[in-house]
Each structure stands twice: as structure tokens, then as C-alpha cells.
Amino acid sequence: MTNFDALTYAGNRDNLLDVEGDDRYAFERADIADAEAVGRVMAKGFDVVVNFAAESHVDRSLYDPARFVRTNVLGAQNLLEAARSQGVPRFVQISTDEVYGSLGPEGKFTETTPLAPSSPYSATKAAGDLLALAFFKTFGFPVIVTRSSNNYGPYQFPEKLIPLCISNAMEGKNLPVYGDGMNVRDWLFVEDNCEAILAIAEKGRVGEVYNVGGGCEVPNIELIKAMLREMNKPESLITFVTDRPGHDRRYALDSSKLTRELGWSPRVGISEGLRRTVEWFSQNRGWLERVRSGAYRDFYEQHYGRKL
Ligand code: TYD
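For the structure given in this document, a descriptive report is provided here. (Residues numbered from 1 in each chain as written. Predicted model: local features only at pLDDT ≥ 70, side-chain atom pairs only at ≥ 80, totals over all residues. Heavy atoms only, no water.)

Quick word on the packing of helix α6 (residues 161–170) against helix α8 (residues 220–231)
Angle between the axes and distance between the axes are the two parameters that describe a pair of packed helices. Put simply, α6 and α8 touch, their axes get as near as 10 Å, and they point 40° apart. On the basis of the axis angle, α6 is oblique to α8. As α6 runs across α8, the sense of the crossing is right-handed. When α6 is examined against α8, the residues Leu161, Ile162, Cys165, Ile166, Ala169 and Met170 are found in contact with a partner set consisting of Asn220, Leu223, Ile224, Met227, Leu228 and Met231. (Axes fitted to C-alpha atoms, helices over the stretch in contact; angles between N-to-C directions. Helix = DSSP H or I, 4+ residues; strand = E, 2+ residues; numbered from the N terminus. Parallel < 35°, antiparallel > 145°, perpendicular 65-115°, else oblique. Left-handed = near helix turned anticlockwise from the far one by under 90°. Contact = heavy atoms within 4.5 Å.)

The structure is reproduced here in C-alpha cells:
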């Protein structure tokens, strides 16, 4: 298995220390937007390519959309092109429910819901998805797209809502809630998503899109209160701040296609998932401190005596 990663701000080799020594694992530090590097590595030959690489934070996409186009569109294109020319027999494009835009109080996104992305982030993910599906339609290249809801769990970079709130609460800092806190997300524990991706990579039908939803819809403010209860921290840490521009109101996914075809359904509900996530962050304060201070970049060097 080859892990191809540019190690931009959120990349952290510290997360994979337990597999670093395994001779079935190789690491390549390179950027998917670099077609030459992608071509060179793809020439090793693979049974399956899974494209997890993305700029994924909506708030960052408001300040630097070009970077999102580069990674999420051009990068996806480079991977698709290189994989196709090498005859890779399976390509999984990891996408997001955000490509569907925003829901009202009722209903769920299905795989046939028209795409209506709101942010530069989701617009670039939609472009990557459509390119992947076009490679199937035009060239018969065996692509599958997954669209998952909001992931959370151990190792998540603390710019996303859940790890941000856990790490702020641990330090007694305020938890910034955008707008009225009534935006709803459908929370998916990371291990459930991993199981879905594995099942799709092994048995999914090519040319198809699969929604992967957690089945746990919660308004942000309720989620944050549940987190504070789990951590025994006071609700007075909650601070309402100016809303995110273009903030999608509600996401909810219908994953019945994945359940019907591959027998997948999420196993970890939000209470258990939050408990496990809070527990992981409390037991891995060193990881969090290194990430927050930027020292995770040096940690690998200290650990291995060579640079990332
Ligand atoms: P986020 O983790 O950024 O994921 P996404 O925007 O992809 O859904 O945000 C999850 C929700 O939490 C979203 O409704 C925005 C909100 N939010 C806050 O209220 N405060 C914050 O500091 C952050 C990062 C997000």
C-alpha cells in the first residue's frame, strides 16, 4: 500500500506511526496537483486507487478558493488520468454530501439529488466528482464515488467543529458557534466511513455514486452541549459568533442504496462516538499540543531522526 500525501497543514505523519515500519506500507510525499509526481508513483501499479486527498475546510475555501481548485479539481484530474493510462482496475473518489447543497427541514439527499454546492470547497468537490463520473461514461474507466456526511473521531484536525470544541473546552477556551447554532449535520463516526469505503472499494458497482450517512442528525448547539456534558465542562464556554457566509442549513443523507447493495449501515451512534472521541483526545493530549503548536512537523524528525 502506498500513501501519497503532500503533508500540507493538516497532514501529519505522526498519525500513521504504527504502520510506518510495515514493509507492505510505503510513503510518498508529493502533491496530486503535480502530474509528473502522480505519473511516477502510479507507474508502480495498483489494484485500487482511493482519492482521499482534498482541501476540505469550508472556512478556508472562503479565503483561498484557488488552492481548492488546484487540489480538488486539478489533483483529481491528474489522478484519474494517470490511473487510466496505467490501467488501474478500480478508482474510488471520496466526496462529500456538501455537493448537494442545503436541505430544508424535511427530506434527505439521495444519489440522484441534483448537485447545488454552496461554497468554493463544495463546488470544487462537485467538479472532482463529475470529472470522475465523466471518466466512467466517456472512457469506461472503473470509477466509484462516495459522498459521506460529516466525519468525526480520533486524529481529526482541530479546525473541524468537534475536535475544535473538544480542544478548546480542554483548555477552558470559548467554543465559537456560528449563527443561531441550529444548523444540522448528519454525523458519521470515522470507523463507520472506513468500513463503507472498504466495502465499496471491494464490492461496489463501477460508475455508481454511494451516499454514506451517519444517520445521526443533530443541530450544532445540541451537539456542543452534549460534548460539554461528556467533558464535565460548563455551557458558559459557548459563544455565539457571526455566521459563516453561505452557511448550509441542513445536511441529511439517505444511504439506503449502500445498505441494500452492500449490507453496510453505521454501527456507532452519536453518544458512543462522542464519548470515544472525547476519550481519545483526553488520552492524546501530546498529539493535540503538537498539532496546535505546529510542533507535529518536528515530531517525526525527532522520532525517526530524519525529516518528513
Ligand atoms: P465543520 O466541521 O466546518 O464542517 P462542515 O462545514 O463541512 O459541515 O462545521 C460543522 C458545523 O459546525 C457547520 O454547521 C459549521 C459549524 N461550526 C461552528 O458553529 N463553529 C465552528 O467553529 C466551526 C469550525 C464550525
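Quick notes on the pattern of salt bridges
Enumeration according to the criterion identifies 22 salt bridges in this entry. Across the pair Glu28 and Lys44 runs a salt bridge, and its minimum N-O distance is 4.0 Å. A residue pair is termed long-range when its members are at least 10 positions apart, and Glu28 in strand β2 (residues 26–29) and Lys44 in the loop between α2 (35–42) and β3 (49–51) qualify at 16 residues. Between Arg67 and Asp64 there is a salt bridge; the shortest N-O distance is 3.9 Å. Here the salt bridges share partners, and the residues they tie into one network are Arg205, Glu208, Lys257 and Glu261. (Salt bridge = Lys/Arg side-chain N within 4 Å of Asp/Glu carboxyl O.)

Focus on the sheet that holds β3
Taking strand neighbours across the sheet as the criterion, the four strands line up as β3-β4-β5-β10 in an open arrangement whose pairing is parallel. Bordering the open sheet on either side are β3 and β10 (209–212), each of which pairs with just one other strand. Each adjacent strand pair in this sheet contributes to an overall mean axis angle of 20°, direction not counted. Sheet strands in contact with helix α4 (residues 65–86) are β3, β4 (91–96) and β5 (143–148), and its direction is about 165° off that of β4. (Pairing = 2+ DSSP bridges.)

Quick notes on the packing of aromatic side chains
Under the definition given, this model contains 13 aromatic pairs. Pairing Phe135 with Phe139 gives two aromatic rings, centres 5.0 Å apart and planes at 75°, and the pair type is edge-to-face. In this pair, Phe135 and Phe139 are both assigned in helix α5 (residues 120–139), four residues apart and thus about one turn of the helix distant. With a centroid separation of 5.2 Å and 75° between ring planes, the pair formed by Trp280 and Trp287 is classed as edge-to-face. (Phe/Tyr/Trp six-rings, centres within 6.5 Å; stacked < 30°, edge-to-face > 60°.)

Some points on the site of the ligand
Near the ligand lie 17 residues; those nearest to it are Glu98, Pro176, Arg185, Arg244 and His247. Within the backbone of Leu161, an N or O atom sits 2.9 Å from an oxygen atom of the ligand. In this structure, Tyr178 approaches the ligand through a main-chain N or O atom, which is 2.8 Å from an oxygen atom. In isolation the ligand exposes 510 Å². Once the protein is present, 97% of that is buried. Elements with a contribution of two residues or more to the shell around the ligand: α6 and β7 (175–178). With three residues, the single largest contributor to the shell around the ligand is β7. Each residue belonging to the shell around the ligand can be placed in one class, and the counts come to seven nonpolar, five polar and five charged. (Near = heavy atom within 4 Å. Polar contact = N/O pair within 3.5 Å; in protein donor to acceptor, adjacent residues only side chain to side chain. Areas by Shrake-Rupley, 256 points an atom, 1.4 Å probe, with all protein chains shown as cover. Nonpolar A, V, L, I, M, F, W, Y, C, P; charged D, E, K, R; others polar.)

What about the nonpolar core?
Core analysis: the largest hydrophobic core is formed by 32 residues, its most contacted members being Ile162, Ile166, Trp187, Leu223, Ile224, Met227 and Ile270. Among the elements that line this core, the one with the most residues is α8, at six residues. With residues up to four places along the chain from it excluded, the contact list for Trp187 reads Asn150, Asn151, Tyr152, Leu161, Ile162, Gly214, Cys216, Val218, Asn220, Leu223 and Ile270. The next biggest cluster of nonpolar side chains, apart from the first, holds 29 residues, and it includes Val41, Leu80, Leu103 and Ala252. (Core = buried A, V, L, I, M, F, W, Y, C linked by side-chain atoms within 4.5 Å. Buried < 20%, exposed > 50% of the residue type's maximum accessible area, 1.4 Å probe, protein only.)

Considerations on empty space enclosed by the protein
One pass over the structure, following the stated rule, counts one cavity of 30 Å³ or more. Here the largest cavity is characterised by a volume of approximately 50 Å³. For the largest cavity, the full set of lining residues is Val58, Glu98, Ser118, Ser119, Ser122, Arg185, Arg244, Pro245, Gly246, His247, Asp248 and Tyr251. Taken together, the residues that form the lining of the largest cavity break down as three nonpolar, five polar and four charged. (1 Å grid on protein atoms, 1.4 Å probe; cavity = no way out; pocket = protein on both sides within 12 Å on 5 of 7 lines; lining within 4 Å. Points joined across faces, edges and corners; volume = space filled by probe spheres on them.)

Some words on unusual backbone geometry
Excluding glycine, residues mostly have negative phi values, and the peptide bonds linking residues are mostly trans. For Tyr155, which is not a glycine, the phi torsion comes out positive at approximately 70°. Tracing the backbone shows Tyr155 in the loop between β6 (151–152) and α6. Classification of Tyr155 by relative accessible area gives partly exposed; the value is 38%.

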